[in-house]
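Letter by letter, the chains look like this.
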Amino acid sequence: ANSVAYDSGREDATSSCLEGTRVSILTEIMSWFKSMENGTLPVYWLVGLAGIGKSMIVKMVAKQAEENGMLGASFFFSQSDAPLCDLNLVFPTLAFQLAQSDNEFTNIIREAIQQDVMLGHKKPLAQFEGLILKPLGQL
C-alpha cells in the first residue's frame, strides 16, 4: 500500500511534534525500544483519548528509530483513506518494506511467494505467518 509509512506525503501525515513537546513520553518509548534486546516486553501499549497526539508520538518514535538504524518497516492507518484502513494490506506492505532493506529477507519472501502465489491475498493471520513470522525466523 502506498502512503502508509510514518514519513509519507499524504495530506493527513503531519511530520512531527512541536519542538520541545512530548519529550518525556518520547524518551520513555525510545528507552523501551532500545532495551528490547534485554528481555523487555515486545509491545508498548500507548493509550489515550482521540485527538491527543498518539499518532504523532508514534510517528516521532518511528522517525527516531529510523535515524538510529532501528526501523524495519511502518504502517500507519488513516480513517480518511480507505486503503489505509484495510487490514489485508498490513502484512504484505510490511514484508515489502522489510525486503527493501535486507537482501536475505528479500530472497526468503520471494521463495514464500513462489510457494504460495496467493499468500498476499489470504486472511491476515496467514499473511502474518507466511510473510513476517516464518521469514523472520529464517534470518
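Use the structure listed above.
Note that the structure is predicted; figures quoted are calculated from it, not measured.

**Q** If you had to explain the overall build of the chain to someone new, which residues and values would you point to?
**A** Looking only at helices and strands, one finds five helices and zero strands in the chain. In the chain, which comprises 139 residues, the proportion classed as buried is 32%. The contacts of the chain with a sequence gap of at least 6 include a subset with a gap of at least 24, amounting to 62%. Accessible surface for the chain amounts to roughly 9,300 Å². Of this, 56% is attributable to carbon and sulfur atoms.

**Q** I'd love a proper account of the packing of aromatic side chains, names of residues and values included.
**A** What characterises a pair of aromatic rings is the spacing of the ring centres plus the angle enclosed by the ring planes. Evaluated as defined, the whole model comprises one aromatic pair. An angle of 55° between the planes, with centres 5.3 Å apart, marks the rings of Phe91 and Phe128 as tilted. Of this pair, Phe91 sits in helix α3 (residues 90–101) while Phe128 sits in helix α5 (residues 124–137); the two residues are 37 residues apart in sequence, bridging distant segments of the chain.

**Q** How would you sum up the pattern of salt bridges? Please name residues and give values.
**A** Under the counting rule described, the total for this entry stands at two salt bridges. The salt bridge partner of Glu67 is Lys63, with a shortest N-O separation of 3.4 Å. Of this pair, Glu67 and Lys63 both sit in helix α2 (residues 54–67), four residues apart, roughly one helical turn. With a shortest N-O distance of 2.5 Å, Asp116 and Lys122 are connected by a salt bridge.

**Q** Describe the layout of surface pockets, and please don't skip the residues or the numbers.
**A** Quantified by volume, the second largest pocket comes out at close to 250 Å³. Around the second largest pocket sit 13 residues that line it, and Ala112, Gln115, Leu119, Gly130 and Lys134 are the ones nearest its centre. In terms of residues, the lining of the second largest pocket owes the most to one element, α5, which gives five residues. Per-class residue counts for the lining of the second largest pocket are five nonpolar, three polar and five charged.

**Q** Which residues make up α2, and what values do they have?
**A** Its 14 residues give α2 an end-to-end C-alpha distance of 20 Å, which sits within 8% of 20 Å, the value for a rise of 1.5 Å per residue. Where α2 is buried, its residues meet α1 (23–34). Phi turns positive, to about 70°, at Gly69, one or two residues after α2.

Thresholds applied
- Residues numbered from 1 in each chain as written.
- Predicted model: local features only at pLDDT ≥ 70, side-chain atom pairs only at ≥ 80, totals over all residues.
- Heavy atoms only, no water.
- Helix = DSSP H or I, 4+ residues; strand = E, 2+ residues; numbered from the N terminus.
- Buried < 20%, exposed > 50% of the residue type's maximum accessible area, 1.4 Å probe, protein only.
- Contact = heavy atoms within 4.5 Å.
- Areas by Shrake-Rupley, 256 points an atom, 1.4 Å probe, with all protein chains shown as cover.
- Phe/Tyr/Trp six-rings, centres within 6.5 Å; stacked < 30°, edge-to-face > 60°.
- Salt bridge = Lys/Arg side-chain N within 4 Å of Asp/Glu carboxyl O.
- 1 Å grid on protein atoms, 1.4 Å probe; cavity = no way out; pocket = protein on both sides within 12 Å on 5 of 7 lines; lining within 4 Å.
- Points joined across faces, edges and corners; volume = space filled by probe spheres on them.
- Nonpolar A, V, L, I, M, F, W, Y, C, P; charged D, E, K, R; others polar.
- Expected span 1.5 Å × (residues − 1).

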